[in-house]
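# Summary of structural features
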Amino acid sequence: MINICNVARYQGPTEEELKKLRDSHVLLSSFEYERTPLFRGYTDKILTIDVGTKEASVADIPAEVKEKFIGGRGYCLRYLWDAVNPETRWDSPENEIVMSSGPIGGITQYAGTGKTLIATISPLTDIPIDSNVGGFFGPYLKFAGFDALEIRGKSDQDIVVVIDATRQTVTFEEAPLEHFDAHILCEELTALYADDENDKKNIAVVTAGSAAEYSNIAMLNFSFYDVRRGTTRIKQAGRGGIGRVFRNKGIKALVCKVDKVKGNLNNVYDIGIINKTGLRFHREMVQNDAKQNDMRGVGTSYSLRTLADYDLVPTNNFKFGDAPGIDNMTAKVLKSDWLTQGAADGCWYGCSMACAKASDHFLLETGPYKGQRVCVDGLEYESASGLGPNCGIYNPRDILEINFYCDTYGIDTISYGTMTAFLMECYERGILNKERTGGLDLTWGNAADDLEMLHQMSRNEGFGKIAALGIHKQKAYFAEMGWGDLSEMNDFGMEQKGLEYSEYSAKESLAQQGGYGLTNKGPQHDEAWLIFMDQVNNQIPTFEDKAEALFFYPMFRTWFGLMGLCKLPWNDIVPADNALTDDPKMVPEHVENYKNLYYGVTGQRITTDDMILQSERVYDFQRIFNIRMGKGLRADDAIPYRAAGPVFEEEYLSRQERYDRQLVEIVGLTEEEVQGMSVQEKMAATRKYREDQYQTLIDTVYRKRGWTRNGVPTVEHLRELGMDLPELLAVVEPLLAAEEA
Amino acid sequence: MKLNHREYAGFREGMTVADVIRESRFTWPNLVVRLNGTVVWPEEYGNTVVGSRDNLEVIHLLAGG
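Glancing now at the overall build of chain B. If you tally the helices and strands in chain B, you get one helix and five strands. Its helices and strands taken in sequence order, chain B reads β-β-α-β-β-β from the N to the C terminus. Against the globule reference of 11 Å for 65 residues, chain B gives a C-alpha radius of gyration of 11 Å, in line with a compact fold. Across its three principal directions, the C-alpha atoms of chain B cover 40 × 25 × 20 Å. Here chain B holds 65 residues, and the buried ones make up 32% of them. When contacts within chain B are restricted to residue pairs at least 6 apart in sequence, long-range pairs at least 24 apart make up 65% of them.

Structure representation (structure tokens):
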């Protein structure tokens, strides 16, 4: 077992290297601003930077925007709406990247309070994508005087934009010599802009990576400086290709520099209640974590082994859920062989959950950094399961290496894992072969060629160019080339709205099929994770129950994104007496904590109903934003059949007893009828039943959400929410009229 | 015996909560167990016998980002 006490500090760039970088920088423009101090979690200012004109400006955030959109994801979507039009695509100059933390973001007394929310028009989906990320940038942006940042335009040279709160300046600098790969670039810029070693913790960097220039599945890396290890580490705003938009704008990096992080920079209303709430939570973490999920020991990967017991870990492109080699990846193995123990691995100050684990001095065996020892951030559950079992790979060493290169190249591990799994199944089915992949052998479990494909993607070479498209465009390309049948690929290509699925098998949970399919941005589990409630606990057996859950949880979880909060401290570790509460799954004590934090920061009392209202306003706004961009109606909520049931015979036969039993007990056939059916007939009956169920679920959920059968929020519902804004009515009214006719 | 509101096919006389959890492969670390509405704590799983008319709930708590 590796303990942090025995981890040698990392070496950053030398003084000579830094001088070379510094000398190469050309100041393109500089703007001074007067820093607005935070008051009760807000500055009420937004910074706009135009990387085309190299101009910066500061504006007030109107009171009505604050009231309706709150912060974080709400602000991101509001300002993005104002910037774009229905014809805007990801690479249009007017497309913006908007970032905002939220009113609670940046406090240091509670766990998980350092999130940044980001939105842009996605190259994968052509609609708004929102993603959240840890690291220092969002809180530092607030401390620099801004509740939000909008980035517009395109630069014709690679630039770094520096927001320096110590000087109250925004500068645009040409930065030709820095590396593109995130693990080096973050080190370089942190060292370059810090006054000394002690100042490095006051620097936050946002960047993508070398593959982001070419790949639709590119993400953003957000740095945080790890004082103990002496290195910058990175967290990822992974979903939806935000990194590609970033690089398309010619941005190499954003840097934010602050004086010093102190306990009450948010200038909150009542620090006492925040301190008290935080202390209680920290005590719980210390007492309960090791007995519950062991987030401090292994991070979210604690669940890998146990989720396989429930048939939930996507295996070979979501065909199965049992991950047969998962014993190589248990929490025990990861702790003893790979993940450093004993470190305070939080990605923001004050996070006692500390789940941002790392594998230290990991020796790379491939690629441009072969032979070097690096710090790998992870493994997180989604990365581990997507890059691992979903591709038939079970060696943690291989998965860590793929994870590292995804991160430093700026590639979303979830999309890369799900996309590679799709390509491997195409290879298995003869849609792809060595000739078509340029020699890559994409058989299940071939980590070496998986890595080679990733390296090709970073160099924009060979089959890496095809991999860079993402599943949605790959399917169209393979069909156009005559390699595969589009309708068949639509069944097993695990994307919806253009976004790759995250890493849970939803076949046996109708509610989770909706949890993925009825999302705004595409199939990401952060809106609703209902598998246990539905499939195991049997707490939501009826359509109405499922619809209630598919209303409440997406709204409740949206609230975290309005505030700048991480969702993990809500329910990954619970109070020791949580079982005695009326509703243990909601972790009532932690919900009260969040109400206390909101009150402590803003001075306003809030109820659960208020939280839902705040969220629903933003949620429905995003739904209408999707409709405005041409992709937000019922047809767009269809899901690939692999997400709901067995596509091919091998899947049916692998769980034949279960499926045959369901045909009798649920579908209503007799045992004699089932025995007399061929496998294909049984699959067809199963499919018809499951697809009908999904359609009924959609009807019920839409009703619950106040939407029409076509998925359009009604005017009456928008009025009830106080969201009957003229620009929203202009989108929905023609559709409502057409539906009535 | 009902497990999570469904008939439990594996029931046998004398089995304990621990037996049900093990045989159901309920390996999730965060469980809330209730027998006929009363909480059963982890240290009691092994000596709490379930009867044929009992209603056992093994609630898996949510988690995840």
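Next comes the rest of the description.
What follows deals with the sheet that holds strand β2 (residues 6-7) of chain B. Residue and element names in this part refer to chain B. The sheet built from five strands is open, its strands ordered β2-β1-β5-β3-β4 with mixed pairing. The open sheet has two free edges, formed respectively by β2 and β4 (38-40), since each of these has just one partner strand. Here strand β3 (residues 31-35) pairs with strand β5 (residues 55-60) via five bridges, running antiparallel. Residue Val33 lies in a different strand from β5, and its bridge partner there is Val58.

With that settled, consider the packing of helix α18 (residues 510-517) of chain A against helix α20 (residues 543-563) of chain A. Each pair of packed helices can be described by the angle between their axes along with the distance between the axes. Residues and elements named next belong to chain A. Running from N to C, α18 and α20 point in directions that differ by 35°, and their axes come no closer than 10 Å. Seen along the crossing, α18 lies across α20 with a hand that is right-handed. Contact residues: Leu510, Ala511, Gly514 and Gly515 in α18; Lys546, Ala549 and Leu550 in α20. Among the residues forming the contact of α18 with α20, the class breakdown is four nonpolar, two polar and one charged.

With that settled, consider the nonpolar core. Burial of nonpolar side chains together is a common tendency in soluble globular proteins. Counting residues in each nonpolar core, the largest one holds 231 residues, and the members touching the most others are Cys76(A), Ile118(A), Val161(A), Leu220(A), Val255(A) and Cys256(A). Apart from residues no more than four positions distant in its own chain, Cys256(A) is found in contact with Phe137(A), Tyr140(A), Leu141(A), Ala144(A), Ile163(A) and Ala204(A).

On the chain B side, the residues contacting the 22 residues of chain A number 17 residues. Looking at the side of chain A that touches chain B, the elements with two or more residues in it are α9 (303-309), α19 (531-536) and α21 (568-571) of chain A. Among the elements that line the side of chain A that touches chain B, the one with the most residues is α9(A), at three residues. Within the side of chain A that touches chain B, the residues separate by chemical class into eight nonpolar, nine polar and five charged.

Along a regular strand, successive side chains alternate from one face of the sheet to the other. All names here are of chain A. With four of five residues buried, strand β15 (residues 373-377) is to be regarded as a mostly interior element. As paired strands, strand β14 (residues 358-363) and β15 are joined by four bridges and run antiparallel to one another. Counterpart to Leu363 in the pairing with β15 is Arg373.

With that settled, the discussion passes to helix α5 (residues 182-193) of chain A. Helix length check: α5(A) (12 residues) gives 16 Å between terminal C-alpha atoms against 16 Å at 1.5 Å per residue, within 8%. Taken across its 12 residues, α5(A) has 11 buried, putting it largely inside the fold.

Our focus in this paragraph is the domain arrangement of chain A. Residue and element names in this part refer to chain A. Under the domain assignment used here, chain A contains domain 1 (13-257), domain 2 (279-500) and domain 3 (552-573 + 607-740). When each unit is reduced to the centre of its C-alpha atoms, the spacing between domain 1 and domain 3 is 33 Å. In this complex, domain 1 contributes 29 residues to the contact, which on the side of domain 3 involves 22 residues. Looking at the side of domain 1 that touches domain 3, the elements that each hand over two or more residues are α2 (63-69), α3 (73-83) and β6 (128-133). Residue contributions to the side of domain 1 that touches domain 3 peak at four residues, all from α3. In terms of residue class, the side of domain 1 that touches domain 3 is built from 11 nonpolar, 13 polar and five charged.

Once that is clear, we can look at the confidence of the model for chain B. Taken as a whole, chain B shows an average pLDDT of 95; of its residues, 97% reach a score of 70 or greater. The complex model carries a pTM of 0.97, and its ipTM stands at 0.96.

This next bit is on the sheet that holds strand β13 (residues 251-257) of chain A. Residue and element names in this part refer to chain A. The seven strands lie next to each other as β1-β9-β8-β13-β10-β11-β12, forming an open sheet whose pairing is mixed. Two strands lie at the open edges of the sheet, namely β1 (26-32) and β12 (231-237), each paired on one side alone. Strand-to-strand, the axes of this sheet are offset by a mean angle of 20°, without reference to chain direction. Here two bridges tie strand β10 (residues 203-207) to strand β11 (residues 220-226), and the two strands are oriented antiparallel to one another. Looking at β11, one finds that Val206 is bridged to Phe222.

Residue and element names in this part refer to chain A. Counted at 1.5 Å a residue, the expected span for helix α29 (residues 726-740) with its 15 residues is 21 Å, and the 20 Å between its end C-alpha atoms agrees. The principal kink in α29, of about 30°, is found at Val732, preceding the proline Pro734 by one to four residues. Within the span of α29, buried status applies to Leu728, Val731 and Val732. Looking at the packing, one finds that the buried side of α29 touches α23 (608-628) and α28 (715-721).

Once that is clear, we can look at the packing of α3(A) against α23(A). Residues and elements named next belong to chain A. As a packed pair, α3 and α23 sit with axes 10 Å apart at the nearest point and diverge in direction by 30°. Considered as vectors, α3 and α23 are oriented roughly parallel to each other. Handedness of the crossing formed by α3 with α23: left-handed. Side by side, α3 and α23 meet where Arg73, Gly74, Leu77 and Trp81 of the first sit next to Val618, Phe621, Gln622 and Phe625 of the second. Split into classes, the residues belonging to the contact of α3 with α23 amount to five nonpolar, two polar and one charged.

Our focus in this paragraph is the environment of Arg557(A). All names here are of chain A. The residue Arg557 is located in helix α20 in this model. Taking the C-beta count within 10 Å as the criterion, Arg557 has 18 such neighbours and is therefore assigned partly exposed. Arg557 sits 115 residues away from Glu672 along the chain, and the two C-alpha atoms are 46 Å apart. When neighbours within four sequence positions are excluded, Arg557 is seen to be in contact with Asp526, Glu527 and Lys567.

For the rest of this paragraph, the subject is the environment of Ile540(A). All names here are of chain A. Here Ile540 lies in the loop between α19 and α20. For the pair Ile540 and Tyr42, spaced 498 residues apart in sequence, the C-alpha separation works out to 39 Å. Setting aside chain neighbours within four positions, we find Ile540 in contact with Ala511, Met533, Asp534, Asp545, Lys546 and Ala549.

Next up on the list: the pairing of β6(A). All names here are of chain A. Taken across its six residues, β6 has six buried, putting it largely inside the fold. Neither face of β6 is left uncovered, since the one carrying Pro128, Asp130 and Asn132 and the one carrying Ile129, Ser131 and Val133 both have all their residues buried. Between strand β5 (residues 116-121) and β6, which pair antiparallel one after the other, the connecting turn spans six residues, and Asp126 there sits at a positive phi close to 65°.

Rules used throughout
Residues numbered from 1 in each chain as written. Chains lettered and ligands numbered in written order. Predicted model: local features only at pLDDT ≥ 70, side-chain atom pairs only at ≥ 80, totals over all residues. Helix = DSSP H or I, 4+ residues; strand = E, 2+ residues; numbered from the N terminus. Rg over C-alpha atoms; globule rule 2.2 N^0.38 Å. Buried ≥ 20, exposed ≤ 12 C-beta atoms within 10 Å, placed from the backbone. Contact = placed C-beta atoms within 7 Å. Pairing = 2+ DSSP bridges. Axes fitted to C-alpha atoms, helices over the stretch in contact; angles between N-to-C directions. Left-handed = near helix turned anticlockwise from the far one by under 90°. Nonpolar A, V, L, I, M, F, W, Y, C, P; charged D, E, K, R; others polar. Core = buried A, V, L, I, M, F, W, Y, C linked by C-beta atoms within 7 Å. Expected span 1.5 Å × (residues − 1). Domains from an automatic or database assignment. pLDDT = per-residue confidence, 0-100. Bend = angle between axes of the 7 residues up to and from the residue. Parallel < 35°, antiparallel > 145°, perpendicular 65-115°, else oblique.

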